[in-house]
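Spelled out from the first residue to the last, the chains are:
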Amino acid sequence: MTRHIFITGGVVSSLGKGLTSASLALLLTRRGYRIRMQKLDPYLNVDPGTMSPYQHGEVYVTADGAETDLDLGHYERFTSTVCSRDSNYTSGRIYGSVISKERAGAYLGKTVQVIPHITDEIKEAIRSIEGPDVDIALTEIGGTAGDIESLPFLEAIRQYRHEIGRSQGLFIHLTLVPYLKAAGEMKTKPSQQSVGILRTIGIIPDILVCRCERAMSQDHKDKLALFCGVERNLVIEEQDVRHSIYEVPLELAKQDVDVYILEQLQLHVNPLNMGDWQTMVDTLIRPPNGEVEIAVVGKYITLRDAYKSIYEALTHGGIANGVRVKIRMVESEDIEHKGASALLEGVDGILVPGGFGDRGIEGKIAAIGHARENQIPFFGICLGMQCAVTEFARTVCGMAGANSTEFSPQTKYPVIDLMETQKTVTQKGGTMRLGAYPCRVAPQTLARTAYGLEQITERHRHRYEFNNTFRQALADQGLVFSGLSPDGHLVEIIELRDHPWFVGCQFHPEFQSTPLKAHPLFRDFIAAAAQRRGPVSSRNNGRRVPKGTATP
Ligand code: GLN
């Protein structure tokens, strides 16, 4: 029977509930248990696919093609479990389903209400991640205790736990214990109040995880335990980690939180093996091979969450090569004003991520031209690949004004165009080419060297594609089509030969990269960047040694 853990958040948002959930899940997998995870989001969009990155950060795409919350990225990166459509439900999706059922007559004769119909639908969503192959299901509730819109979710988990019993399910509440500089002390009152809110609706947390900047004293823990009705050893401290989010599970393990969870769920406490994780974190904190600097040229640069998986995958590429990856975030519009050379001076690699809409496009294209002409390793992802094709067509093939029809519907050279299947689509939500698709990788290419495989599967999220009308003309000038759909129709990977490392892919490899197993393209991109930077000298603290300089 699947046990359940419900994780709620209190006091403020952005406490890192997703990270904490993913870290706990990792510890449970390392104790030998099979887990599955999901997030319940209280907003009314059916999924985050239609939201701007400014609203929501990155949209994470699952293998089965769901557009989901970025916390699912943490779940997959930490635990290597596969998320699916069942891993993310929003209020919009829950209500949508209840309303469709009502129209279909499923509740004939009844008044359809939040309780029990919406809460029953939420319980159905929770049940969807149970199964004979799942020992523990972790459900994270989005939002903060006290939000009006999360009430049906909280009521649903209260009922759920009541039905399965205390030994089968537990509540974890993540809260903030702020340090007030002026008072010179930590404050437990916000956490007490947040637990108070949960108690008024019938939820008493079993474990309190306290986010804090400084170490908590035993006094603070005792006070929280007493006033929140939590056992003393179940007040867990989660201090800000110093270097990396991947330290969080190690810190939580030191306090045996996973042991308490298993004991409460009446599961055997198997030994914990975190050796490889610890080694990975050590490499990340003290990389033996110095540093590379990678420019990420995008339009949501001010918002770190917008390219979450990209930044993580770059870090993974660094771990695989034993180098620290320093990221220079470059606003593509700035390149349009100040020029690529000025803003990209000194970088060891340039990455152009995915995106929508024409703002900053010319800056991205200029950055790609700079990478191509100056032999700087380049990695283009989705829109980044489309821009690389455009740059190549314009500059190398003499196709002035070449463009994607997304930005220039009337262009004479529509090198990127809407897919046939997209031309009749008018609905916006969930209608892109989404999820995992197979791809065949050509021999003797950078892509094949990276993957070491002919057949790969990668996740997509786009409407536009390479336009095959131009395939021959671009190939004649040296563009290599190194990855194609199995039927040969869709261009999935492009690259250049006379360049140290220049690869663009139509899919999003960042969604399959993990800290223990960097995605092969990210690994090789960082390797190429490290190669360009030159060997590390122990005397210059890993700083770049200019090319041609002998290392002592
Ligand atoms: N806007 C482009 C398309 O829809 C690229 C999408 C992306 O980068 N994810 O095809």
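Residues numbered from 1 in each chain as written. Predicted model: local features only at pLDDT ≥ 70, side-chain atom pairs only at ≥ 80, totals over all residues. Heavy atoms only, no water.

## Observations regarding the overall build of the protein chain
Across its full length, the protein chain holds 19 helices and 23 strands. For the protein chain, whose C-alpha radius of gyration is 25 Å, the value lies close to the compact-globule estimate of 24 Å for 552 residues. By principal-axis analysis of the C-alpha atoms, the protein chain measures approximately 70 × 70 × 45 Å. Taking all 552 residues of the protein chain together, 58% fall into the buried category. Taking the contacts inside the protein chain whose residues are at least 6 apart along the sequence as the reference set, 72% of them involve residues at least 24 apart. Counting 60 positive and 64 negative side-chain charges, the protein chain places the centres of these two groups 3 Å from one another. (Helix = DSSP H or I, 4+ residues; strand = E, 2+ residues; numbered from the N terminus. Rg over C-alpha atoms; globule rule 2.2 N^0.38 Å. Buried < 20%, exposed > 50% of the residue type's maximum accessible area, 1.4 Å probe, protein only. Contact = heavy atoms within 4.5 Å. Lys, Arg positive; Asp, Glu negative; His and termini not counted. Charge placed at Lys NZ, Arg CZ, Asp CG, Glu CD.)

## A few points about the nonpolar core
If you look at the biggest cluster of nonpolar residues, it comprises 59 residues, and the most contacted ones within it are Ile5, Ile136, Ile172, Ile207, Ile261 and Trp277. Beyond its immediate chain neighbours, meaning those up to four positions away, Ile172 contacts Ile5, Phe6, Ile7, Thr8, Leu24, Ile207, Val209 and Ile261. By size, the runner-up hydrophobic cluster in this structure holds 40 residues, among which are Ala371, Leu383, Cys397 and Leu484. (Core = buried A, V, L, I, M, F, W, Y, C linked by side-chain atoms within 4.5 Å.)

## Some words on the sheet that holds strand 2 (residues 35–41)
On the basis of which strands lie adjacent, the open sheet formed by seven strands has the order 5-2-6-1-7-10-11 and parallel pairing. Of all strands in the sheet, those with a lone pairing partner are strand 5 (88–90) and strand 11 (235–239), marking the two edges. Neighbour-to-neighbour, the strand axes of this sheet turn through a mean angle of 20°, independent of strand direction. For strand 1 (residues 3–9) and strand 7 (residues 169–176), the ladder comprises six bridges, and the chain directions are parallel. From the neighbouring strand, Gly9 faces strand 7, where its bridge partner is Leu174. Across the sheet, helix 3 (residues 71–79) is in contact with strand 2, strand 5 and strand 6 (136–141); its angle to strand 2 comes to roughly 170°. Seen against the sheet, helix 8 (residues 218–228) touches strand 10 (207–212) and strand 11 and runs at an angle of roughly 130° to strand 11. (Pairing = 2+ DSSP bridges. Axes fitted to C-alpha atoms, helices over the stretch in contact; angles between N-to-C directions.)

## Quick look at the packing of helix 5 (residues 114–127) against helix 6 (residues 151–164)
One can describe the packing of helix 5 onto helix 6 by two numbers: an axis separation of 9 Å at closest approach and a directional angle of 65°. Taken as axis vectors, helix 5 and helix 6 run roughly perpendicular relative to one another. Crossing of helix 5 against helix 6: the hand is right-handed. Along the contact surface, helix 5 presents Val114, Ile115, Ile118, Thr119, Ile122, Lys123, Ile126 and Arg127, while helix 6 presents Pro152, Phe153, Glu155, Ala156, Ile157, Gln159, Tyr160 and Glu163. (Parallel < 35°, antiparallel > 145°, perpendicular 65-115°, else oblique. Left-handed = near helix turned anticlockwise from the far one by under 90°.)

## Here we look at the packing of helix 7 (residues 189–200) against helix 8
Running from N to C, helix 7 and helix 8 cross one another at 20°; their axes reach a closest spacing of 10 Å. Classified by the angle their axes make, helix 7 and helix 8 are roughly parallel. In this structure, helix 7 meets helix 8 at a crossing whose hand is right-handed. In this structure, helix 7 uses Ser191, Gln192, Val195 and Arg199 to contact helix 8, whose residues at the interface are Lys223, Leu224, Phe227 and Cys228. Class assignment of the residues belonging to the contact of helix 7 with helix 8 gives a composition of four nonpolar, two polar and two charged. (Nonpolar A, V, L, I, M, F, W, Y, C, P; charged D, E, K, R; others polar.)

## Quick word on the confidence of the model for the protein chain
Averaged over all residues, the pLDDT of the protein chain is 93; the fraction at 70 or higher stands at 97%. Segment residues 538–542: pLDDT under 50, and six contacts once partners within four positions in sequence are set aside and those in other chains are kept. Predicted confidence for residues 544–552 stays below pLDDT 50, and this span has 16 contacts to residues more than four positions away or in other chains. (pLDDT = per-residue confidence, 0-100.)

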